[in-house]
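Structural overview for review
Spelled out, the chains give:
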Amino acid sequence: MKIEIEEAAKKLQSANNIVVTAHINPDGDAIGSSLALMHILHEMNKNVRVFIDDVIPPNFLILPQINEIEHPVELTEKEISADLLVVLDTQTDRIGRTLNLVKAPILNIDHHVTNEGNNVDWLYLNAEAAATCEIIFDLIKFLPINLTENIAHCLYAGLATDTGFFNYANTKPSTLRAAAVLIEAGVKPNVIAEEMERKSLADFKGLCEVLKTVEFFYDGKVAGLFINEAIAHLVDSTEGFIDLIRVIDGVEIAFMLTCKDKNLNRVSMRSRTVDVSKIARSLGGGGHIRAAGCSINTSFDEAKKIIIEAIGKSLK
Ligand code: AMP
Ligand code: MN
Ligand code: MN
């Protein structure tokens, strides 16, 4: 059932034992919104646990109390009961093992236009919000707490990363106003930016190999990077790689195909004008108009053919 933000706030207020989760392959918004909500719920004296079923990239280790994020595989409990499971920045199909581990009604808070609210009790969706962190920022107005420096750090990290440091089309006056309030609460934009942009030497060398794989399609309107199994071993994080080909003159759609495992490949897409969320959705994924993704469960070579063909159709 779709609900308004006031009702989402009420659901949080009436629960006492709350589990917060976000999507696998977590980005700054997934991690920032989950941790911010953890700090908010602590301020409200709630019992809260945060589960993310994936590796947390080292760039986010500066966020306050990030070590409290638990990894479902390491938990000995077979089942965890709670009053509420809050799913952030995704629909429930991308939260991994947390879905079966936690037995509780689900409150889903998200900004992905493709979220249809399947299998959740309540969905607060605001596709106008630049990030889930912007929604959490708005939510605070309906909760009996004040913005703390810890909350502000987490929210700023998500807001900054989902907007490409306030460069993408999702950056709105409300986004910048929220950022200003977060800076007033103690955030240092340069500190967050430096930490988010940091790369290990190994990842930098891996990036050099990845850039050699670039190929152009459809008269240069499409550029792709191809991280097969061998190259995937060279890099820990591919964050930001796609942005390096997105900026090439004439490129409408940039994409990156990454081998995650045998017969499991991830696609990331970015566009200037074409609605890539439609392409992602046609392959079982989702996202936003200008940034979307999906998984393709075939061999790497087959996945390459599938994604190039799907992108080609959208250009017609
Ligand atoms: P990424 O390329 O991983 O940064 O993802 C771009 C956008 O698409 C993000 O907002 C993701 O949450 C979304 N997205 C990526 N993969 C999927 C997927 N398999 N299903 C739904 N949304 C996705
Ligand atoms: Mn995200
Ligand atoms: Mn997001």
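Summarised in this report is the structure supplied together with it.

Rules of the game
Residues numbered from 1 in each chain as written. Chains lettered and ligands numbered in written order. Predicted model: local features only at pLDDT ≥ 70, side-chain atom pairs only at ≥ 80, totals over all residues. Heavy atoms only, no water. Donors = N, O, S within 2.8 Å, 3.2 Å for Na, K, Ca; no water. Helix = DSSP H or I, 4+ residues; strand = E, 2+ residues; numbered from the N terminus. Phe/Tyr/Trp six-rings, centres within 6.5 Å; stacked < 30°, edge-to-face > 60°. Buried < 20%, exposed > 50% of the residue type's maximum accessible area, 1.4 Å probe, protein only. Lys NZ or Arg CZ within 6 Å of the ring centre and 35° of its normal. Core = buried A, V, L, I, M, F, W, Y, C linked by side-chain atoms within 4.5 Å. Contact = heavy atoms within 4.5 Å. Salt bridge = Lys/Arg side-chain N within 4 Å of Asp/Glu carboxyl O. Near = heavy atom within 4 Å. Polar contact = N/O pair within 3.5 Å; in protein donor to acceptor, adjacent residues only side chain to side chain. Areas by Shrake-Rupley, 256 points an atom, 1.4 Å probe, with all protein chains shown as cover. Nonpolar A, V, L, I, M, F, W, Y, C, P; charged D, E, K, R; others polar. Pairing = 2+ DSSP bridges.

1. With respect to the coordination of the manganese ion (ligand 2)
- The manganese ion (ligand 2) binds to the protein through His23 (NE2), Asp27 (OD), Asp27 (OD) and Asp89 (OD), with metal-donor distances spanning 2.1 to 2.7 Å.
- All donor residues of the manganese ion (ligand 2) come from one chain, and their arrangement in sequence is H-x3-D-x61-D.
- In this model, the manganese ion (ligand 2) sits 3.6 Å from the manganese ion (ligand 3), the two metals being bridged by Asp89. Of this pair, Asp27 sits in the loop between β1 (17-22) and α2 (28-43) while Asp89 is found in the loop between β5 (84-88) and α3 (98-101), placing the two residues 62 residues apart along the sequence.

2. Things to note about the coordination of the manganese ion (ligand 3)
- Every protein donor of the manganese ion (ligand 3) is accounted for by Asp29 (OD), Asp89 (OD), His111 (NE2) and Asp162 (OD), and the metal-donor separations fall at 2.1 to 2.3 Å.
- In the primary structure, the donors to the manganese ion (ligand 3) are separated according to the pattern D-x59-D-x21-H-x50-D.

3. Structural notes on the packing of aromatic side chains
- Using the criterion set out here, one finds four aromatic pairs in the structure.
- Aromatic side chains Phe217 and Phe255 sit 6.1 Å apart centroid to centroid with 35° between the ring planes, which places their arrangement in the tilted category. Placement of the pair is Phe217 in strand β9 (residues 215-217) and Phe255 in strand β11 (residues 253-261), with a sequence separation of 38 residues. Pair check on accessibility: Phe217 and Phe255 agree, each one buried.
- For Lys304, the ring lying beneath its charged end belongs to Phe226, and the centroid distance is 4.3 Å.

4. A look at the nonpolar core
- Core analysis: the largest hydrophobic core is formed by 57 residues, its most contacted members being Leu12, Val20, Ile40, Val86, Leu107, Leu139 and Leu155.
- When neighbours within four sequence positions are excluded, Val86 is seen to be in contact with Leu12, Ile18, Val19, Val20, Thr21, Leu37, Leu107 and Ile109.
- Membership of the second largest hydrophobic core comes to 22 residues, among which are Cys259, Cys294, Ile307 and Ala310.

5. Let's talk about the pattern of salt bridges
- Within this structure, the stated rule accounts for nine salt bridges.
- When the shortest N-O distance is used, the salt bridge between Glu116 and Arg281 registers 3.7 Å. On the criterion of sequence distance, the pair formed by Glu116 in the loop between β7 (106-110) and β8 (122-125) and Arg281 in helix α11 (residues 276-282) is long-range, its members being 165 residues apart.
- The partner of Arg246 in a salt bridge is Asp243, with the nearest N and O atoms 3.1 Å apart. Highlighted residues: Arg246 and Asp243, both in helix α10 (residues 243-246), separated by three residues, approximately one helical turn.
- The class of Arg246 is partly exposed, set by a relative accessible area of 27%.

6. Observations concerning the site of ligand 1
- Around ligand 1, a shell composed of 13 residues is seen, among which His112, Arg266, Ser268, Arg270 and Gly286 lie nearest.
- Within the side chain of His112, a nitrogen or oxygen atom sits 2.7 Å from an oxygen atom of ligand 1.
- In the model, a nitrogen atom of ligand 1 is placed 3.2 Å from a nitrogen or oxygen of the Gly286 main chain.
- Relative to its unbound accessible area of 480 Å², ligand 1 is 85% covered by the protein chains.
- Residue assignment for the shell around ligand 1 shows that the elements contributing at least two residues are β12 (264-271), β13 (286-287) and β14 (291-296).
- Of the residues in the shell around ligand 1, the class split is three nonpolar, seven polar and three charged.

7. Focus: the side chain of His39
- Relative to the elements of secondary structure, His39 occurs in helix α2.
- Leaving out residues up to four positions away in the same chain, His39 has contacts with Pro64, Gln65, Asn150, Ile151 and Cys154.

8. As for the sheet that holds β5
- Pairing within the open sheet is parallel, and its six strands lie in the order β3-β2-β1-β5-β7-β8. The two strands at the open ends of the sheet, each matched to only one other strand, are β3 (69-70) and β8.
- Sheet topology note: the β7/β8 ladder contains four bridges and is parallel. Looking across to β8, one finds that Asn108 is bridged to Leu123.

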